[in-house]
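Below, each chain spelled out in residue letters.
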Amino acid sequence: MLNDCHNVVVVTHVSADGDAIGSSLAMAEYLKKRGKAVRVIVPNYFPDFLRWMSGADRIIQFDRNRAQAKMYIECADLIICLDINEPARLDDMATVVVKSTARKLMIDHHLQPQRFCNLTISHPEASSTCELVFRLLYGIGGIVQLTKAGAEDIYAGMCTDTGKFTYNANDPDIYIILSELLRKGIDKDRINRLIYNNYTEARFRLLGYILSEKLQVFPELHASMFTLTRSELGKFRYLKGDTEGVVNMPLEIRGMKLSMYLREDTEKPRILVSLRSVDDFPANRMAAEFFGGGGHLNAAGGNLSCSMTEAVEIAHKALEAYQPLLIK
């Protein structure tokens, strides 16, 4: 598939994160080195702290450039779907991608992939889609064509999807991959600073507001929850990505098993839900049962079409339903 293509479109999920952007740019970089015409298209805005990555300035946002994006998708002979397990995660561009006559390749690490591509490479046990992209390139002899910029992309995605390698990162092979990326000349310390020390002052003050005013802790359940409304986000000049990783912070409290974050979407009338857990607590099961979502064992999410008040009520029902697992 990678040999026979000429015009390639790489797509990833709505509200793309580090793994989505990293895997997309790394794959695009590799294919460009092989003389392919490649476009990376994302459904909507992605965080500012990822825009240092080489090629990020050429990513096309579907919601802002629909005509241009549709043209590239319709002209493609190969569409590579990265870090998504179903078309719905492409948001408004899903229909265009599914209807395309191009061959489709999915590379992903989420559970229960839908079979909408000609070839699906699915490994939920992997730390990240970036890890899978590296393994694929290694397997087909493509590491020679992997540039330093591509290696930086892969490191960034692996780093962000494992919380700086603090969860889902016990596979020894991950560190062999990291050593190979370092051999490409990447400066992992610099990349860490660009990702994690690259926020605005407003974001820092928003973090303080969350921890001092919004965080609710339920010690008897070993769980916590915080919410943010659209108006609260506005007070801190919220930019997409400003709360990236904050849902993990309450898990630093001794004995915590589950952290829940509910946010009013700034683009659509819905509540976005993020869940993080430790050990064997099934955040993905809770997300599927109560929030119309899914994900990984310890990192999952979903969304609700209701008010924040109703969403909080649903969250309390979820905590009540999963009490036996939280207190065991």
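Residues numbered from 1 in each chain as written. Predicted model: local features only at pLDDT ≥ 70, side-chain atom pairs only at ≥ 80, totals over all residues. Heavy atoms only, no water.

Colleague: Any details on the pairing of strand β1 (residues 7-11)? Residues and values, ideally.
Modeller: The element β1 is largely enclosed, with a buried count of four among its five residues. With respect to chirality, the unit in which β1 leads through helix α1 (residues 18-33) into the neighbouring parallel strand β2 (residues 37-42) is right-handed. Sheet analysis places β1 next to strand β4 (residues 78-82), joined by four bridges and oriented parallel. Bridge pairing in β4 links Val 11 to Cys 81. (Buried < 20%, exposed > 50% of the residue type's maximum accessible area, 1.4 Å probe, protein only. Helix = DSSP H or I, 4+ residues; strand = E, 2+ residues; numbered from the N terminus. Right-handed = clockwise from strand over helix to strand, strands pointing away. Pairing = 2+ DSSP bridges.)

Colleague: I'd like a rundown of the sheet that holds β2, residues and numbers included.
Modeller: In spatial order, the strands read β3-β2-β1-β4-β5-β6; together these six strands make up an open sheet with parallel pairing. Among the strands making up the open sheet, the edge pair consists of β3 (60-61) and β6 (119-122). Sheet topology places β2 next to β3; two bridges connect them, and they run parallel. Each bridged residue has a counterpart across the sheet, and for Val 42 the counterpart in β3 is Gln 61. Each of β4, β5 (103-108) and β6 is contacted by helix α4 (residues 129-139), which is oriented at about 120° to β5, the strand it contacts most. (Contact = heavy atoms within 4.5 Å. Axes fitted to C-alpha atoms, helices over the stretch in contact; angles between N-to-C directions.)

Colleague: How would you summarise the pattern of salt bridges if you had to cite specific residues and measurements?
Modeller: For side chains bearing opposite charge, pairing can occur when the charged atoms are close. Across all of its chains, the model carries 16 salt bridges by this definition. Here Asp 48 makes a salt bridge to Arg 51, at a shortest N to O gap of 3.2 Å. Across the pair Glu 267 and Lys 240 runs a salt bridge, and its minimum N-O distance is 2.8 Å. Placement of Glu 267 in the loop between β9 (258-264) and β10 (271-277) and of Lys 240 in the loop between α9 (230-235) and β9 is noted, with a sequence separation of 27 residues between them. (Salt bridge = Lys/Arg side-chain N within 4 Å of Asp/Glu carboxyl O.)

Colleague: Can you explain the packing of aromatic side chains? Please cite residues and give values.
Modeller: One pass over the full model with this rule turns up eight aromatic pairs. Consider the rings of Tyr 155 and Phe 165, whose centres lie 5.9 Å apart with planes at 45°: the pair is tilted. Of this pair, Tyr 155 sits in helix α5 (residues 148-161) while Phe 165 sits in the loop between α5 and α6 (172-183); the two residues are 10 residues apart in sequence, bridging distant segments of the chain. Residue classification places Tyr 155 among the buried positions, given a relative accessible area of 4%. One residue, Arg 51, lies across the ring of Phe 46, its end atom 4.0 Å from the ring centre. One residue, Lys 164, lies across the ring of Tyr 196, its end atom 4.5 Å from the ring centre. (Phe/Tyr/Trp six-rings, centres within 6.5 Å; stacked < 30°, edge-to-face > 60°. Lys NZ or Arg CZ within 6 Å of the ring centre and 35° of its normal.)

Colleague: How would you summarise helix α2 (residues 66-75) if you had to cite specific residues and measurements?
Modeller: Here α2 has its buried residues at Ala 69, Tyr 72 and Ile 73. Projection of α2 onto a plane perpendicular to its axis shows the buried side chains occupying an angular sector of 100°, all on one side. Residues of α2 that are exposed and point more than 90 degrees away from the buried face comprise Ala 67, Glu 74 and Cys 75. (Arc of directions from axis to C-beta.)

Colleague: A description of the packing of α1 against α4 should follow, citing residues and the corresponding values.
Modeller: Packing of α1 against α4 leaves a shortest axis separation of 8 Å and a crossing angle of 20°. Considering their axes alone, α1 and α4 lie roughly parallel with respect to each other. Facing Asp 19, Gly 22, Ser 23, Met 27 and Tyr 30 of α1, the residues of α4 in contact are Thr 129, Cys 130, Val 133, Leu 136 and Leu 137. (Parallel < 35°, antiparallel > 145°, perpendicular 65-115°, else oblique.)

Colleague: Any details on unusual backbone geometry? Residues and values, ideally.
Modeller: Not every positive phi belongs to a glycine, and Phe 165 is a case in point at roughly 65°. Given a relative accessible area of 18%, Phe 165 falls into the buried group. One non-glycine residue with positive phi stands out, namely Asp 279, at about 55°. For Asp 279, the position within the fold is in the loop between β10 and α10 (283-290). A residue is classified by how much of its surface remains accessible, and Asp 279, at 61% relative accessible area, is exposed.

Colleague: Let's hear about the nonpolar core: which residues, and what values?
Modeller: Counting residues in each nonpolar core, the largest one holds 52 residues, and the members touching the most others are Ile 21, Met 27, Ile 80, Ile 154, Met 158 and Leu 181. Excluding residues that lie within four positions of it along the chain, Met 158 makes contacts with Ser 127, Ser 128, Cys 130, Glu 131, Phe 165, Ile 174, Ile 177, Leu 178 and Leu 181. Counting residues in each nonpolar core, the second largest holds 25 residues, with Leu 221, Val 273, Ala 311 and Leu 326 among its members. (Core = buried A, V, L, I, M, F, W, Y, C linked by side-chain atoms within 4.5 Å.)

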